[in-house]
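As a plain string of letters, each chain reads:
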Amino acid sequence: MKYLSLTFLLVILFYSCGPKKQITTSDDQVNIQKGDTIKISNVESDYEIIIIEPGFNNYLNSIARPEGFYSQTFLENKNIFYVQAWNNRVLQPQIFSPNLYEMQINYQQNIDYGYEVNYKLYNYFIYFQNKYKQNLLGGRVPVN
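Residues numbered from 1 in each chain as written. Predicted model: local features only at pLDDT ≥ 70, side-chain atom pairs only at ≥ 80, totals over all residues. Heavy atoms only, no water.

Q: Explain the nonpolar core to me, using residue names and the numbers behind them.
A: Counting 28 residues, the largest nonpolar core has Phe56, Trp86, Tyr124, Phe125 and Leu136 as the members making the most contacts within it. Among residues more than four places away in sequence, those in contact with Tyr124 are Ile51, Glu53, Phe56 and Trp86. (Core = buried A, V, L, I, M, F, W, Y, C linked by side-chain atoms within 4.5 Å. Buried < 20%, exposed > 50% of the residue type's maximum accessible area, 1.4 Å probe, protein only. Contact = heavy atoms within 4.5 Å.)

Structure, rendered in structure tokens:
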């Protein structure tokens, strides 16, 4: 119990010493970045994407293909398959690590989430597969 309390205290201390939030607002989207946490939401609808992954922000800014490289249709089609594979793995914790696949992603193909959400979600799947040596769709692990 002592070790659990100490670990919890260290985690709180670690997060409280993190960098300050940077908030950028526009008419239709709110972006919040805190260290390696990226949140994209649309103030006019109910969707949001929150990515909390050490190194992802750096990957997005330095390695990922730039915004505009892929069409929104391409990203939506890829995300549909990635989300299905991800959610299947979440539902099988006896086979796939629940530490990697913690919660399902609610992504519906009949909703227009916009380019930015699809772009960041797609790039997260690529980053995740490379970082954790996972292969969501079979075949070889994709390289951006």
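Q: Describe helix α3 (residues 72-90), and please don't skip the residues or the numbers.
A: Between the first and last C-alpha of α3 there are 26 Å, a value that for 19 residues agrees with the 27 Å anticipated at 1.5 Å per step. Taken together, the buried positions of α3 are Leu75, Asn79, Ile80, Tyr82, Val83, Ala85, Trp86, Asn87, Arg89 and Val90. Each element contacted by the buried residues of α3 is listed here: α4 (115-132). (Helix = DSSP H or I, 4+ residues; strand = E, 2+ residues; numbered from the N terminus. Expected span 1.5 Å × (residues − 1).)

Q: Describe the pattern of salt bridges, and please don't skip the residues or the numbers.
A: Summed over all chains, the structure comprises 2 salt bridges. Of the charged contacts in the structure, one is a salt bridge between Lys131 and Glu53, with a shortest N-O distance of 3.2 Å. You can see Lys131 sitting in helix α4 and its partner Glu53 sitting in the loop between β4 (48-52) and α2 (56-62), a full 78 residues away along the chain. Look at Lys131 and you get partly exposed, because its relative accessible area is 36%. Lys120 serves as the salt-bridge partner of Glu116, at 3.1 Å between the closest nitrogen and oxygen. You can see Glu116 and its partner Lys120 sitting in helix α4, 4 residues apart, about one turn around the helix. Neither Glu116 nor Lys120 differs from the other in exposure class; each is buried. (Salt bridge = Lys/Arg side-chain N within 4 Å of Asp/Glu carboxyl O.)

Q: Tell me about the packing of aromatic side chains, and please be specific about residues and values.
A: All told, the structure shown has 21 aromatic pairs when counted by the stated rule. Measuring from ring centre to ring centre gives 4.9 Å for Tyr70 and Phe74, while their planes differ by 10°; the resulting arrangement is stacked. What makes Tyr70 buried here is its relative accessible area of 12%. Centroid distance Phe74 to Tyr122: 5.7 Å. Interplanar angle 70°. Geometry classified as edge-to-face. You can see Phe74 sitting in helix α3 and its partner Tyr122 sitting in helix α4, a full 48 residues away along the chain. Relative accessible area serves as the criterion here: at 7%, Tyr122 is assigned to the buried category. (Phe/Tyr/Trp six-rings, centres within 6.5 Å; stacked < 30°, edge-to-face > 60°.)

Q: Report on the packing of α3 against α4, specifying residues and quantitative values.
A: The contact between α3 and α4 brings their axes to 9 Å, and the two run at 50°. With respect to their mutual orientation, α3 and α4 come out oblique. By crossing handedness, the relation of α3 to α4 is classed as left-handed. Touching Gln72, Phe74, Leu75, Glu76, Lys78, Asn79, Tyr82, Val83 and Trp86 of α3 are Tyr115, Asn118, Tyr119, Leu121, Tyr122, Tyr124, Phe125, Ile126, Phe128 and Gln129, all from α4. (Axes fitted to C-alpha atoms, helices over the stretch in contact; angles between N-to-C directions. Parallel < 35°, antiparallel > 145°, perpendicular 65-115°, else oblique. Left-handed = near helix turned anticlockwise from the far one by under 90°.)

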